[in-house]
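Inside the fold
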Amino acid sequence: MYDWLIVGAGFAGSVLAERLATERNERVLLIDRRPHIGGNAYDRYDDDGLLIHQYGPHIFHTNSKQIFDYLSRFTEWRFYEHRVLADVDDMLVPIPINLDTVNKLYGLNLTSEQLQDWFAERAEKIGEIRTSEDVVVSVVGRELYEKFFRGYTRKQWGLDPSELDKSVTSRVPTRTNRDDRYFTDEFQFMPKNGYTRMFEKMVGHPNIHVMTQTEYDDVKNVVPHRRVIYCGPIDEYFNFQFGKLPYRSLRFEHVTLDKAWHQPVGVVNYPQTRDYTRVTEYKHLTGQEHTKTALTYEYPSAEGDPYYPIPKAENQELFKKYERLAQATPDVWFVGRLATYRYYNMDQIVGQALATFRRINESLPVGADT
Ligand code: FAD
């Protein structure tokens, strides 16, 4: 008899498995339908021995010392500040847009103060900000919107920014200085030996039994367990009874080149040209030394694994229906990005899992079942 059957060995499921096994000394069966642990953060060595991220680049960043300290129990870190360039008008320029982006693109020599005025002159006055287009145009004007955002968003979502809710681009991070870091969080590190090694340590507790290539449906009535933590798609749990929650997917093309380097930074975005949205070169992220280099090209797609919930009001309403069913389902805890139908960064999912653990402790005293 397991105390817990945990569905999904990504951050949500693995953190909870570790907490329940370590702090409550409970027996956990952790399953995943994929042939590996780590969920979307899974990384592996390719045939040439280069460390790559199977599901696209995962950069760890957080402002939470608590979350950073918690993960530090399972890994050492490599300091890494992520930088992204955009291929615009045949030039590689920093994104988020900063002083160097504008000066390079327009052949100018503006100062930070002048750039503020430059943006203000171009920003369009919009009465009520409703769409993603409104958000961007009201900050940087139409020309930069066309160059950097419109094409990228159309590729990424298959929709024009004017059709997407403002929440998709709730904030346009522009800078008037030369800071070219993609993130400004206090903690920006990559797990020194990769995410998968970190997950192995996290779920390596003797109270945790891991089974991959295992479907929830195939074990739920076979393996005795007291409670469930479900980190899969919430609509699937309820047999899609109200309809399917829509997602945008990606196709990843992993390529190894017989040369040491391909591009100057970890990620290059393609907002104007190509069918792919971005190219990642992992050696920048991992610090690995190798005579070859590994890249991933990302092609957005309507079909495939569920990656990005499509942020439209009607989809949120559909999710709320499932959420109400979830709240009325005893002994099942719904955790993680698929069960809550929202895009979250890794640190936010760790935070969600730690908060869930606190709630479990409050509502279920240790040993209550014995
Ligand atoms: P997941 O990692 O998806 O784990 C859920 C697991 O449940 C999956 O492995 C799935 O196979 C399993 N599962 C589902 N249903 C079943 C079932 N019925 N039976 C058995 N198993 C099941 N975050 C960052 O912080 N930085 C980044 O740079 C970053 N980059 C990203 C890039 C891309 C392309 C994507 C899509 C996401 C990115 N993220 C990033 C977000 C990050 O992937 C998520 O925050 C994190 O993976 C969420 O963890 P999770 O445990 O909720 O879900």
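Here's a quick rundown of the structure. (Residues numbered from 1 in each chain as written. Predicted model: local features only at pLDDT ≥ 70, side-chain atom pairs only at ≥ 80, totals over all residues. Heavy atoms only, no water.)

Turning to the overall build of the protein chain, a few remarks are in order. Within the protein chain one finds 11 helices and 17 strands. Scaling as 2.2 N^0.38, a compact globule of 370 residues should have a C-alpha radius of gyration of about 21 Å, and the protein chain matches this with 22 Å. By principal-axis analysis of the C-alpha atoms, the protein chain measures approximately 70 × 50 × 35 Å. By residue count, 55% of the 370 residues in the protein chain fall in the buried class. Sequence separation of 24 or more characterises 72% of the internal contacts of the protein chain that already satisfy a separation of 6 or more. Each charge class in the protein chain was averaged separately, 46 positive and 53 negative side chains, and the resulting centres sit 2 Å apart. (Helix = DSSP H or I, 4+ residues; strand = E, 2+ residues; numbered from the N terminus. Rg over C-alpha atoms; globule rule 2.2 N^0.38 Å. Buried < 20%, exposed > 50% of the residue type's maximum accessible area, 1.4 Å probe, protein only. Contact = heavy atoms within 4.5 Å. Lys, Arg positive; Asp, Glu negative; His and termini not counted. Charge placed at Lys NZ, Arg CZ, Asp CG, Glu CD.)

Let us now look at the sheet that holds strand E17 (residues 332-334). Whether parallel or antiparallel, the strands of a sheet pair through hydrogen bonds between backbone atoms. Taken together, the 5 strands give an open sheet; going across it, the order is E10-E2-E1-E11-E17, and neighbouring strands pair in parallel fashion. Looking at which strands have only one partner, the edges of the open sheet turn out to be strand E10 (208-211) and E17. Averaged over all adjacent pairs, the angle separating strand axes in this sheet is 20°, with direction ignored. As paired strands, strand E1 (residues 2-7) and strand E2 (residues 28-31) are joined by 4 bridges and run parallel to one another. Bridge pairing links Leu 5 to Leu 29 in E2. (Pairing = 2+ DSSP bridges. Axes fitted to C-alpha atoms, helices over the stretch in contact; angles between N-to-C directions.)

Our next topic: the site of the ligand. Taken together, 31 residues form the shell around the ligand, and within it Asp 32, His 58, Ile 59, Tyr 344 and Met 346 come nearest. Measuring from a nitrogen atom of the ligand, one finds a backbone N or O atom of Arg 33 at 3.0 Å. The separation between an oxygen atom of the ligand and a polar main-chain atom of Tyr 344 is 2.6 Å. (Near = heavy atom within 4 Å. Polar contact = N/O pair within 3.5 Å; in protein donor to acceptor, adjacent residues only side chain to side chain.)

Turning to helix H1 (residues 11-23), a few remarks are in order. In a regular helix each residue adds 1.5 Å, so 13 residues correspond to 18 Å; H1 covers 18 Å between its end C-alpha atoms and thus fits that length. The buried count for H1 comes to 11 of 13 residues, which makes it a mostly enclosed element. Along H1, the residues that are buried comprise Phe 11, Ala 12, Gly 13, Ser 14, Val 15, Leu 16, Ala 17, Glu 18, Arg 19, Leu 20 and Ala 21. One or two steps after H1, the chain reaches Asn 25, where phi turns positive at roughly 55°. (Expected span 1.5 Å × (residues − 1).)

With the rule as written, the count across this model stands at 29 salt bridges. Between Arg 181 and Asp 179 there is a salt bridge, and its shortest N-O distance comes to 2.9 Å. In this structure Arg 181 comes out as buried when scored by relative accessible area, which is 19%. Asp 331 is the partner of Arg 227 in a salt bridge, and the nearest nitrogen-oxygen pair spans 3.6 Å. With Arg 227 in strand E11 (residues 225-230) and Asp 331 in the loop between helix H10 (313-327) and E17, this pair connects stretches of sequence that are 104 residues apart. Accessibility expressed as a relative area gives 12% for Arg 227, which makes it buried. Members of the salt-bridge network, linked through shared partners, are Glu 81, Arg 83, Arg 175, Asp 179, Asp 180 and Arg 181. (Salt bridge = Lys/Arg side-chain N within 4 Å of Asp/Glu carboxyl O.)

So, on to the sheet that holds strand E8 (residues 91-95). Taken together, the 7 strands give an open sheet; going across it, the order is E8-E7-E13-E14-E15-E12-E16, and neighbouring strands pair in mixed fashion. With partners counted over all chains shown, the strands left at the sheet margins are E8 and strand E16 (308-309), one partner each. Bridge count between strand E7 (residues 84-88) and strand E13 (residues 267-269): 3 bridges; the pairing is parallel. Paired with Leu 85 across the bridge in E13 is Val 268. Against the sheet, helix H3 (residues 99-106) contacts E7 and E8, and its axis sits at roughly 155° relative to E8.

Time to look at unusual backbone geometry. Glycine aside, the phi torsion of most residues is negative, and most peptide linkages are trans. With an omega of 0°, the peptide bond running from Ile 95 to Pro 96 counts as cis. Along the chain, the position of Pro 96 falls in the loop between E8 and H3. Of note in this structure, Asp 90 is not a glycine but carries a positive phi near 65°. For Asp 90, the location among the structural elements is in the loop between E7 and E8. Residue Asp 90 is classed as exposed on the basis of its relative accessible area, which comes to 78%.

Looking now at H3. Along H3, the positions that sit buried rather than exposed are Leu 99, Thr 101, Val 102, Asn 103 and Leu 105. Looking at the buried side of H3, the elements it contacts are E7, E8, helix H4 (112-122) and helix H5 (132-157). The residue sitting at the N-terminus of H3 and contributing the capping side-chain oxygen is Asn 98; that oxygen lies 2.9 Å from the backbone nitrogen of Asp 100. Positive phi shows up at Gly 107, right after H3, with a value of about 60°.

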